[in-house]
There are 2 protein chains.
Amino acid sequence: MKALKSLLDRIAQRVNINLRELEFDVMPIAHHLVPLKQMTKFYAFYGITPNHSLSLEFRHSSLAGSYFLGRCRTNHSILYKTDVRGDELQKKGATFTFNGHTLTLAEDEIIDVQDSYLVKTLVHSYSHDPESRERFFVTNTLSCHYANIHGSPTDGSFLGPFATVDLTTMYDCAIGAYCYIQAGEIGHFHADPGMVWARSRGDFNFVYHHPLDRLKPYIDFVPGKAPTGVFMDFLEVRKKDFERVFDVVNLQRPKGIPSNASLDRYAVIKPKMHIAENVLVAQRAYLENSYLGKGANAQENCYIINSRLEGDNVTAHGAKIIDADLGNRVFVGFNSFLRGCPHCRLTIGSGTIVMPHTIIDIDRPLTIPANHFVWGMIADEADLAQNSMPLEDFARIDGRLYRGNLLFEGSGAAFVAAFQKRIEHILLDNGALFDGKRYKGHAQRNQNISVNTIQPYPEGRLKGMYPTILIQP
Amino acid sequence: MKALKSLLDRIAQRVNINLRELEFDVMPIAHHLVPLKQMTKFYAFYGITPNHSLSLEFRHSSLAGSYFLGRCRTNHSILYKTDVRGDELQKKGATFTFNGHTLTLAEDEIIDVQDSYLVKTLVHSYSHDPESRERFFVTNTLSCHYANIHGSPTDGSFLGPFATVDLTTMYDCAIGAYCYIQAGEIGHFHADPGMVWARSRGDFNFVYHHPLDRLKPYIDFVPGKAPTGVFMDFLEVRKKDFERVFDVVNLQRPKGIPSNASLDRYAVIKPKMHIAENVLVAQRAYLENSYLGKGANAQENCYIINSRLEGDNVTAHGAKIIDADLGNRVFVGFNSFLRGCPHCRLTIGSGTIVMPHTIIDIDRPLTIPANHFVWGMIADEADLAQNSMPLEDFARIDGRLYRGNLLFEGSGAAFVAAFQKRIEHILLDNGALFDGKRYKGHAQRNQNISVNTIQPYPEGRLKGMYPTILIQP
C-alpha cells in the first residue's frame, strides 16, 4: 500500500502549490477523501464499442469505478469511482466555430487526467475551450464527492462536494460545495459554497448565492470530515442497490424496453418503470416507479423516483426528482434536488427550465407553471414567487436585475436563447429526436457496449495501484 | 464479424501449410471449432498478483476465457476458453541444468502465442526445452477441445480433443484425440488417437495404444463434427455449474477453508467438500461431495466427485475421479478418467501412480493395491492384471516388455524415478509441503489474485475481436 500512500501525498502537495495564492490547504481534505483500504477492493471499468475511438493509457494510476469511453489517458491519478466519459470527443479534421472564427482539430480529441484525485466525480467531454481543443486535461486537481467537471480543461484546482464546473476553463481555483460555475475562463478564484454563476462575457452574468443557513442542512462540508446533510443521506440509503448491478457480470436487460431506447448496464432500474422510445438512461442513474416519456433522458448519477416525465425531458447529471410530475421538455439542471412527497407532489409545466443546482423541497403541493425559469432555494409559494419568472419575461431583461439572492446583468434574451440552444443540443446528442433514420444519438449508439473491469494489485507494495495498461483499437 | 472470420481462415491456412507433409487438412475441423456467434459473448480473463511478473500484450487477438498469469504475449490468436498460465515462468538470471550443462536465462521467460486457435486448451509454463528457454511459443497451431499443451514450445501443429503434449517440443505434428505425448523433441509426426507415449531418449520408451473400439465410446472425433462420447457428455451436464462462477464479479469464499489452502475463484465448489491444509484447487476445477486431505491438489479442469483423497494427492489437469477412495500420495495423470459408482467404488492404495490418459471405468468394486503403476484401459480385474504392476517390479525392468497394448523399452528404474521426481516437484511447487515457513507454493501464493475480465468489440467489422491491450507492471 506504500505506493498508493505516496501517490496521495504527492497529488495533494501539487494541488496545494497550485492553490498557494488562495492560501487553500487541501491536505486535511485529501487524507479523508480516499478510503485507502477500500481502494484494493474497487474495480475500474471501461467500455468498448465500434463507435468510440479507443486509446486508453493508464500508467500507475490508481483508478476505481471509472468508465472510459473514447480516447483517454491518465497518469499517476487516483480516480475513485469516477466517470470519465469521452463519448462526445471530436475527431481530427472536425471544425468548430468560436467568436466567428472557424478552427479545425489538428488531432483527435483526448481526455488526459494527471496527478489528480477525482472522488466520485463526473468528467465529460463536451469540449468548449478554444485554446485546448485537442486535449482535455485535468491536472493537479482534487475533487470531492459527486463533483462534476463538465467538458472542462482544468489545472490545479479544488472542487468541493456536489460542485459543478460547466464549460469552464479554470486555473488554480477553489470551488466550494454545491457551487455551479459556468463562466468561461477563470483563474485564482475562490468560490464560497452554494454560488450559482453563469456568465457569457459581453452577453450576460447570472449570480445567485444559496442562503448558507438554508443550504447547510442539505450539504455541509468541513475539511477533515466527510460531507454531511440531506444529499449524502439520500445517496447513502440507495447505495446498496448499486452493489447488485456492479456485482454481476451479465445483467438481464429488463423487458419492455423499446429497441431505440438505451439503458446503461450500470443503471439501477427498480420496479415499476415505464420507459418509452428514444429514452437514454446513463450509467449510475437510479430509476424507481416512474414514467419516462418519449425522448426523456436520465443522465449519470441522477435519481428519478415516484415521478412522471412526459417526454423530451432532460434530467442532468446528479439531479434528483422525487414525487414530481414534469411536463414535456422540462429541463432539470445538474445536481438539482426536486423533492415533493406522496401527498404534496411537485408539478412542473412544459418547457420550464430548472437552473442547475436548484433545490425545491416542499411539504405542501407546489405547481410551477409552463415555460418558466426557476432557480435557487425553494420551499414554498413565497420562495417560488421570488426565484422564478416566465421565460418570456426573463428574455425581456436588458440591464440589471436584483431579486432576492440573484443578480442578473446583461441580456435576458441571450441567456434564455443560450439555454434553449443547449437543451436542443442535448436532446439531439442523446437521440431523443431519432425518427428511425435521422438524428441518431447516444440512446441508439450506446446500446451495445462491452464493459470491462480492471483491478489493482491485491497485496504488496503496489497494493491498490494498477499495472500500466495500454488499450488501442 | 468480418475480421474474426478472416483471422480464422488465415490461421487454418497456416496450420495446413505446416502440416502439408503429413497431408493433414485442418480446414473442416477449423470451421467447426470456434462458435463465431458466441465469440462476442465470451469474456477473457487475466490475473494480477505481486508474485508474478506481468507483461501482457494482446494485438488483435480474439481471446475468450483465457487466464494469463505471468508474462505473456499473443498475436492474431484465437484463444477460446483457454487457460494460459504463466505462473512457473523463470526470471532472467535463473539457471537450469540440461544434460549436465548449466545454462543461465538471458531474459525473463515469456509465453508467446501467435496465429493459433486453442479451443479450451490448457497452456502451462513449466519449461523444459533447452533450445528455447526464454520464449514459449505456440505458433500456427490448432488445438481442439480440452487439449493440453504443457510447458511446450510448439510450432505448426494440430492437437485433437483431449490430447496432451507434455514437456515436448513439437514441430509440424498432428496429434490424435486422447493421445498423450511426452517425448522430448518430435517433428512431422502423426499420432493416431489414443496413443500414450512417454520417452526419455537413452533411458526409456513407454508406448501404449488404447484399443480403438473401446476408446470410441469415450471419445470419438470426426473432422467437421463436434467430438462425442462419454467425456463430452460428462462435461456437458456440468457446464451450467461453471456459468454461475463466471457470472458473478465477487464470489463469497466458502467457509472452513484453511488459511494455507488456495481455492481458485473460478473453481466450482459444490456441497459438501472437506478441504484440508495446503490444498490447491485450480481454476475450472470441479469439486463435489469429496474429501481433499492435507496437501492434495486439484488441477485445472479436473473433476473430483463423491470421492476421498487422503492427502498429498496429485490430480492432474483434466483428470476425473468419481466414486473413488484414493490413499496418500496417489498420482492421477492428465485426462485420466476414473469412474466407480455408488455401489462399486474404486479403491486405490497409497503411493500408486496412474499413468496420464488412463481410463478406469467399472461396474463392480475394484481395488488397486498400494505402490502400483497403472495404465491404459481398465474395466475389470482382468484388465487391471494386464495394465498394472507393482512399482517395485516395474523398476526392475531392463530391456523390453510387451504386455497387452504396451511396449516398454529401457530402464524401468529410470522411468519410475523420473515419475517420482516429478510428483515430488509438483507437490513442492503446489505448496503441499508448506510447513508454515518453508516450501511455500501455489497454494499459498495464488490466494490473492485480482482477476480481470476483458471483452471484445460487440458489433461492427471487428465484432468478436479485441482491441490491442498492453499491460505491464
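Here, every reference points to the structure presented above.
Novice: Explain the overall build of chain A to me, using residue names and the numbers behind them.
Specialist: A tally of helices and strands in chain A yields 9 helices and 48 strands. Taken over C-alpha atoms, the radius of gyration comes to 21 Å for chain A, in line with the 23 Å a tight globule of 473 residues would show. Put simply, chain A has 473 residues, and 62% of those count as buried. Pairs at least 24 residues apart make up 41% of the contacts formed inside chain A by residues separated by at least 6 positions.

Novice: Could you give an account of the sheet that holds strand S36 (residues 320-322) of chain B, with specific residues and numbers?
Specialist: All names here are of chain B. Reading across from one edge, S27-S30-S33-S36-S39-S42-S45 is the order of the 7 strands in this open sheet, with parallel pairing throughout. A single partner strand is all that each edge strand has here, and the edge strands are strand S27 (268-269) and strand S45 (377-378). Of the pairings in the sheet, the one linking strand S30 (residues 286-288) to strand S33 (residues 303-305) comprises 3 bridges and is parallel in character. Bridging from a neighbouring strand, Tyr 286 pairs with Tyr 303 of S33.

Novice: Outline the environment of Asp 220 of chain B, supporting the account with residue identities and numerical values.
Specialist: All names here are of chain B. Within the secondary structure layout, Asp 220 lies in the loop between helix H3 (212-215) and helix H4 (230-236). As for Asp 220 and Val 230, which are separated by 10 residues in sequence, their C-alpha atoms are 9.2 Å apart. In this structure Asp 220 touches Pro 227 and Thr 228, once residues within four positions along its chain are discounted.

Novice: Describe in detail the relation of the copies chain A and chain B, supporting the description with residues and values.
Specialist: Note on the copies: chain A fits chain B at an RMSD of 0.0 Å, the axial shift is 0.0 Å, and the rotation between them is 180°. Seen this way, the second copy is the image of the first under a two-fold rotation axis. In this assembly the copies share their binding face: 100% of the residues contributing to the interface of chain A also contribute to that of chain B.

Novice: Tell me what's going on with the environment of Met 355 of chain B, and back it up with residues and numbers.
Specialist: Structurally, Met 355 of chain B can be placed in the loop between strand S41 (353-354) and strand S42 (359-361). Excluding residues that lie within four positions of it along the chain, Met 355 of chain B makes contacts with Tyr 180, Val 196, Ala 198, Phe 206, Gly 333, Ser 336, Phe 373, Val 374, Trp 375, Phe 415 and Phe 419 of chain B.

Novice: Any chance you could break down the interface of chain A and chain B for me, citing the residues and the numbers?
Specialist: In this complex, chain A contributes 33 residues to the contact, which on the side of chain B involves 33 residues. With both sides pooled, the region where chain A packs onto chain B buries about 3000 Å², and carbon together with sulfur makes up 49% of that total. Across the contact surface, chain A and chain B share 0 salt bridges. Put simply, chain A and chain B have 1 residue pair in polar contact (both at pLDDT 80 or more) between them. Secondary-structure elements contributing two or more residues to the side of chain A that touches chain B are strand S1 (44-48), helix H5 (239-247), strand S47 (450-454) and strand S48 (468-472) of chain A. The residue inventory of the side of chain A that touches chain B, partitioned by class, reads 19 nonpolar, 12 polar and 2 charged. Pairing geometry for S48 of chain A and strand S50 (residues 468-472) of chain B, over 5 bridges, is antiparallel. Within S50 of chain B, the residue paired with Ile 469 of chain A across the bridge is Ile 471 of chain B.

Novice: Residue-level account of the nonpolar core, with values.
Specialist: Counting residues in each nonpolar core, the largest one holds 245 residues, and the members touching the most others are Phe 206 of chain A together with Phe 206 of chain B. Ignoring sequence-local partners within four residues, the contact set of Phe 206 of chain A consists of Val 196, Trp 197, Ala 198, Met 355, Phe 373, Trp 375, Phe 394, Leu 406, Leu 407, Phe 408 and Phe 415 of chain A.

Novice: Which residues make up the pattern of salt bridges, and what are the values?
Specialist: For the coordinates displayed, the defined rule picks out 31 salt bridges over all chains. Across the salt bridge formed by Arg 438 of chain A and Asp 435 of chain A, the nearest N and O atoms sit 2.8 Å from each other. Among the salt bridges present, the one from Asp 383 of chain B reaches Arg 214 of chain B, with a minimum N-O distance of 2.7 Å. One end of the pair, Asp 383 of chain B, is in helix H6 (residues 381-386); the other, Arg 214 of chain B, is in helix H3, and 169 residues separate them in sequence.

Novice: Could you give an account of the sheet that holds strand S21 (residues 180-182) of chain B, with specific residues and numbers?
Specialist: All names here are of chain B. Here 9 strands make up an open sheet; going across it, the order is S7-S12-S15-S18-S21-S24-S25-S48-S47 and the pairing mixed. Each edge of the open sheet carries a strand with a single partner, namely strand S7 (83-85) and strand S47 (398-403). Within the sheet, the average angular offset between the axes of one strand and its neighbour, ignoring direction, is 5°. Sheet analysis places S7 next to strand S12 (residues 122-124), joined by 3 bridges and oriented parallel. Following the sheet pairing, Val 84 is matched in S12 by Val 123. On the sheet, helix H8 (residues 412-429) packs against strand S15 (148-150), strand S18 (164-166), S21, strand S24 (195-200), strand S25 (204-209) and strand S48 (406-411) and is oriented at approximately 95° with respect to S48.

Parameters at a glance
Residues numbered from 1 in each chain as written. Chains lettered and ligands numbered in written order. Predicted model: local features only at pLDDT ≥ 70, side-chain atom pairs only at ≥ 80, totals over all residues. Heavy atoms only, no water. Helix = DSSP H or I, 4+ residues; strand = E, 2+ residues; numbered from the N terminus. Rg over C-alpha atoms; globule rule 2.2 N^0.38 Å. Buried < 20%, exposed > 50% of the residue type's maximum accessible area, 1.4 Å probe, protein only. Contact = heavy atoms within 4.5 Å. Pairing = 2+ DSSP bridges. Least-squares fit on C-alpha atoms with pLDDT ≥ 70 in both. Buried area = accessible area lost by both parts, 1.4 Å probe. Salt bridge = Lys/Arg side-chain N within 4 Å of Asp/Glu carboxyl O. Polar contact = N/O pair within 3.5 Å; in protein donor to acceptor, adjacent residues only side chain to side chain. Nonpolar A, V, L, I, M, F, W, Y, C, P; charged D, E, K, R; others polar. Core = buried A, V, L, I, M, F, W, Y, C linked by side-chain atoms within 4.5 Å. Axes fitted to C-alpha atoms, helices over the stretch in contact; angles between N-to-C directions.

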